[in-house]
Structures are given as structure tokens and as C-alpha cells.
Amino acid sequence: MPPAGVVVAIALLVIGVCALVIRRDLVFKLLALGMVNSSTILLLISLDSRRSTTAPIVPPSAMAAVVDPLPQALVLAAIVINFAILALALVFVMVLAERYHTTDAGRIERAVAQEDER
Amino acid sequence: MTQRGRLTSILAVVLACGIGGLLLWSFPERSAGGSLAVARVGVLVSSTGASNAVCSIVVGSRLFDTLFEILVYSVAVLGVRITLQGGGAEGSALTPSAMHELAESDVVCRSAYLLFPPVTLLGIYLAVFGHVSPGGGFSGGAVIASGLLLVAVAVGAQAVARRFHERMLERIEWGAVAVIFAIAAVSFLDGVLPRAGLFPAGNPGELIGSRTLLVYNLLIAIKVFLGGWVIIHFFIEHRGEI
């Protein structure tokens, strides 16, 4: 049986992907994208962590059982890039909402199609 | 919702559940805290002199990855700045009286001002001691930016922004990025040029003597703090007060 963190991460991933596809509101889609990203972070952190292990910070005495530091370092990149992507995506949603007065993806698509026809 | 949309949704849910189940079923059994992790931590700590192995990877062996990560963050901040600069939403510009109405009560404002110095101090501590204890430049900068957000929520972003010189902040932000890249370029020549390694690795656990990790963490904290503030400021200015 995988660790509890991995199970929760996969559950979050499934919920996030479902919300990403089903919800039509762009803000909700971004929230779902954030959830998918969080699930990836949780999965990476949970990969090698167990109750008996400690953080990969060397104590003065010994380093008996430490967590692998590599996934934790990779997670940092994921957090920063996700923050940057979400900030930019929110700006684009704001621009679209100002132009078309809605955050519904379907309505925006129809409005763009009507503009193209003109 | 149309029938086609409903069908797509059901298909998406079934597919997502299937992929989730497959991931759970195929998850490999691993032994935690194996000898590989211990060996990796040992090598990292001895090579950089920093007792935090994660920090050793982020601004040590994975430095160039981190540099481009900073670049991506900077480009995103620039994107937010360029897209939102000057073009506030129609009717979102607030008059001084409206801003006054939106400001929080005196208790909240004073509490925010009281909390800001310790929060900033915590952020600086996380950045400075990031290589010997939990923390680092990214988390330190994020904590300081959160402290400023607290003040901005309480007294209003416009009032906070008036205290800063926007152009100066921009210069400091990009200056920090330039210095990070310059130090990385000099460090890259370690072994080619004499003293290009800048600082030698000391004993693990000591504040000074972990190569350039302390400098990187401080500069990254400045960059993240200022970038975070720019994003917060432009979002609030564009849409009105929180």
C-alpha cells in the first residue's frame, strides 16, 4: 500500500483534472490547475518520507535516516514556476474578463468566433 | 449543459479516475532513508559546507537550474507589470475618499504595523540561516512579501506603494538578478581562474563558510520579495482595493 501522502496526492490530482475539464469558469480552471500542481508537490515530498526519517539537515552528531533531499529541491522549482504561471494566467483572465465581460470559457469562445466572422 | 458536454465530462471523470487508480496500483514499494540518500547528503554537505542538503542542491549543484527558475519568475513579474501597467480596469481607479472607506479599522491597521517588523525579521532570518536550518532565499522572500501584503490589506496598497519609489524597486530587483548571474559566472570559472571559487567551504553548521550560498539566499530573497510585491501591487491597483 502506498504512503498516505501519495494516496491523497493522487486523489487531489484526479479531482483537479476533473475540475479542469468540467468547470467552464476560467478562474475555477486556474484553481484546478493549482490543485493539480499541489498534488504533484505532495507526491514528490511523500515519495521518500516515512515516520522514521528526519529532514535532510545534518545534525552535529549523525545522520541516521534522512529523507532524500533531491525531490524536495525539485519541489521548490515547481512551487516558483507554478506561482509565476498562475500570476500570468490570472492577468490574462483579467484581460479577457475586461474585454468580454465574462470568465466563462464557452462564452468567450463564442464571442471570439463572432468577432472572427465580422 | 448540452448532451455532448455532459458526455465529455463523464468521460473525463472516468479517465481521470482510471489514471489515478493505475498510478496507485503501479506505485513502487521503496525503502525510505536508504543508503543512497545518506550518501547524497554526505557528499552535498562536505562539498558546500552547508548543513541543509536541500539548500546545497538548490544553490549549489543545481545552481544553473535555479538561475533559470529566477529568470522565469522575473519574466512572469515583467509580464504582469507590462500587461497591467497604466491600464487599470475601467472605473476601478479609487478616489481618496473611497480608499478611506475601504481602509480597515484602526485596530487592524495598528496590528498590521505591529506584526510587520517581526514577520520581516523572520523572513530575513530564514534567508540568512537558510543553509544551516530550514529555510532559504525563496521562503524568506515569500515571508517578507506576505508581511507587506498584510499591511497592504490593512491600510491599502496605494498607501503602502506611496512609501516606495517604484523605479528604485525595479532597479534593485533586476540588480539582484544581475549580481546572482555575475557571481554564478565567476563561480563557473572555479579551477580555471585563481580564487574564482570566491569563498571556501567551511565546517557544516557554521553561518559563514558555506561558499556563496549565504549571498545567493539573500539575493534570491530580495528578488522574490520585490517580485511578489510587484505582483500584489499591480493586481490590487488594477482591480481596486481588496
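Values in this document were obtained by computation on a predicted structure and should not be read as measured data. (Residues numbered from 1 in each chain as written. Chains lettered and ligands numbered in written order. Predicted model: local features only at pLDDT ≥ 70, side-chain atom pairs only at ≥ 80, totals over all residues. Heavy atoms only, no water.)

## Here we look at the overall build of chain A
If you tally the helices and strands in chain A, you get four helices and zero strands. Its helices and strands in sequence order give chain A the pattern α-α-α-α, from N to C terminus. Among the 118 residues that make up chain A, the fraction classed as buried is 36%. Expressed as a percentage of contacts within chain A between residues at least 6 apart in sequence, the contacts between residues at least 24 apart total 51%. Looking at chain A as shown, the accessible area adds up to about 6500 Å², and 68% of this sits on carbon and sulfur atoms. (Helix = DSSP H or I, 4+ residues; strand = E, 2+ residues; numbered from the N terminus. Buried < 20%, exposed > 50% of the residue type's maximum accessible area, 1.4 Å probe, protein only. Contact = heavy atoms within 4.5 Å. Areas by Shrake-Rupley, 256 points an atom, 1.4 Å probe, with all protein chains shown as cover.)

## Regarding the interface of chain B and chain A
Note: interface size is frequently given as the accessible area lost on complex formation between the parts. Facing the 45 residues of chain B at the interface are 42 residues of chain A. Note on chain B versus chain A: buried area summed over both sides is about 3900 Å², and carbon and sulfur give 80% of it. Connecting chain B to chain A are two residue pairs in polar contact (both at pLDDT 80 or more). (Buried area = accessible area lost by both parts, 1.4 Å probe. Polar contact = N/O pair within 3.5 Å; in protein donor to acceptor, adjacent residues only side chain to side chain.)

## Let's talk about the packing of aromatic side chains
All told, the structure shown has two aromatic pairs over all chains when counted by the stated rule. Centroid distance F83(A) to Y73(B): 6.0 Å. Interplanar angle 25°. Geometry classified as stacked. Separated into two different chains, F83(A) in helix α3 (residues 69-100) and Y73(B) in helix α4 (residues 63-84) make up a pair that spans both. Given a relative accessible area of 5%, Y73(B) falls into the buried group. One Lys or Arg, R23(A), reaches over the ring of F28(A) and ends 4.0 Å from the middle of that ring. K223(B) extends its terminal NZ or CZ atom over the ring of W174(B), reaching a point 5.4 Å from the ring centre. (Phe/Tyr/Trp six-rings, centres within 6.5 Å; stacked < 30°, edge-to-face > 60°. Lys NZ or Arg CZ within 6 Å of the ring centre and 35° of its normal.)

## Side note on the pattern of salt bridges
Following the criterion strictly, the structure yields eight salt bridges over all chains and no others. One salt bridge in this structure joins R24(A) and D104(A), with 3.7 Å as the shortest N-O distance. Of this pair, R24(A) sits in the loop between α1 (4-22) and α2 (26-46) while D104(A) is found in the loop between α3 and α4 (105-117), placing the two residues 80 residues apart along the sequence. Given the relative accessible area of 42%, R24(A) is considered partly exposed. We note a salt bridge from E69(B) to R62(B), for which the minimum N-O separation is 3.6 Å. Salt bridges sharing partners connect three or more residues here, namely R81(B), R167(B), E170(B), E173(B) and K223(B). (Salt bridge = Lys/Arg side-chain N within 4 Å of Asp/Glu carboxyl O.)

## Comments concerning the packing of α1(A) against α2(A)
All names here are of chain A. Remark: α1 packs on α2, axes separated minimally by 8 Å, with the N-to-C direction vectors making an angle of 160°. Classified by the angle their axes make, α1 and α2 are roughly antiparallel. Between α1 and α2 lies a crossing whose hand is left-handed. When α1 is examined against α2, the residues G5, V6, V8, A9, L12, L13, I15, G16, V17, A19, L20 and V21 are found in contact with a partner set consisting of K29, A32, L33, M35, V36, S39, L42, L43 and S46. (Axes fitted to C-alpha atoms, helices over the stretch in contact; angles between N-to-C directions. Parallel < 35°, antiparallel > 145°, perpendicular 65-115°, else oblique. Left-handed = near helix turned anticlockwise from the far one by under 90°.)

## As for helix α3 (residues 53-61) of chain B
All names here are of chain B. Where burial is concerned, most of α3 is hidden: seven out of the nine residues are buried. If you check which residues of α3 are buried, you get A53, V54, C55, S56, I57, V58 and V59. The N-cap residue of α3 is N52: its side-chain oxygen and the backbone nitrogen of V54 are 3.1 Å apart.

## What to know about helix α1 (residues 3-25) of chain B
An ideal rise of 1.5 Å per residue puts 33 Å on 23 residues; α1(B) measures up with 33 Å between its terminal C-alpha atoms. Within the sequence span of α1(B), burial applies to S9(B), A12(B), A16(B) and G20(B). (Expected span 1.5 Å × (residues − 1).)

## Things to note about the packing of α1(A) against α1(B)
One way to put it is that α1(A) packs onto α1(B) with a least axis distance of 9 Å and a crossing angle of 160°. When the axes of α1(A) and α1(B) are compared, the pair comes out roughly antiparallel. Viewed along their axes, α1(A) and α1(B) form a crossing whose handedness is right-handed. Across the interface between the two elements, V7(A), I10(A), L13(A), V14(A), V17(A), C18(A), V21(A) and I22(A) of α1(A) pack against S9(B), A12(B), V13(B), A16(B), C17(B), G20(B), L23(B) and L24(B) of α1(B).

## Regarding the confidence of the model for chain B
Residues and elements named next belong to chain B. When pLDDT is averaged along chain B, the result is 79; 80% of the residues meet or exceed 70. Mean pLDDT across the elements of chain B ranges from a minimum in helix α5 (residues 96-102), with 50, to a maximum in helix α6 (residues 106-128), with 91. Of the regions scoring below 50 in pLDDT, residues 89-97 engages in eleven contacts with residues more than four places distant in sequence or in other chains. (pLDDT = per-residue confidence, 0-100.)

## A few points about a nonpolar patch on the surface
Residue and element names in this part refer to chain B. A cluster of nonpolar side chains, F64, F68, L71, V75, F188 and L189, forms an exposed patch at the surface whose accessible area comes to about 580 Å². Looking at the nonpolar patch, the element that brings in the most residues is α4, giving four residues. By the secondary structure assignment, F64 is in helix α4. (Patch = residues over 30% accessible without salt bridge, like charges linked within 9 Å, V, L, I, M, F, W, Y side chains within 5 Å.)

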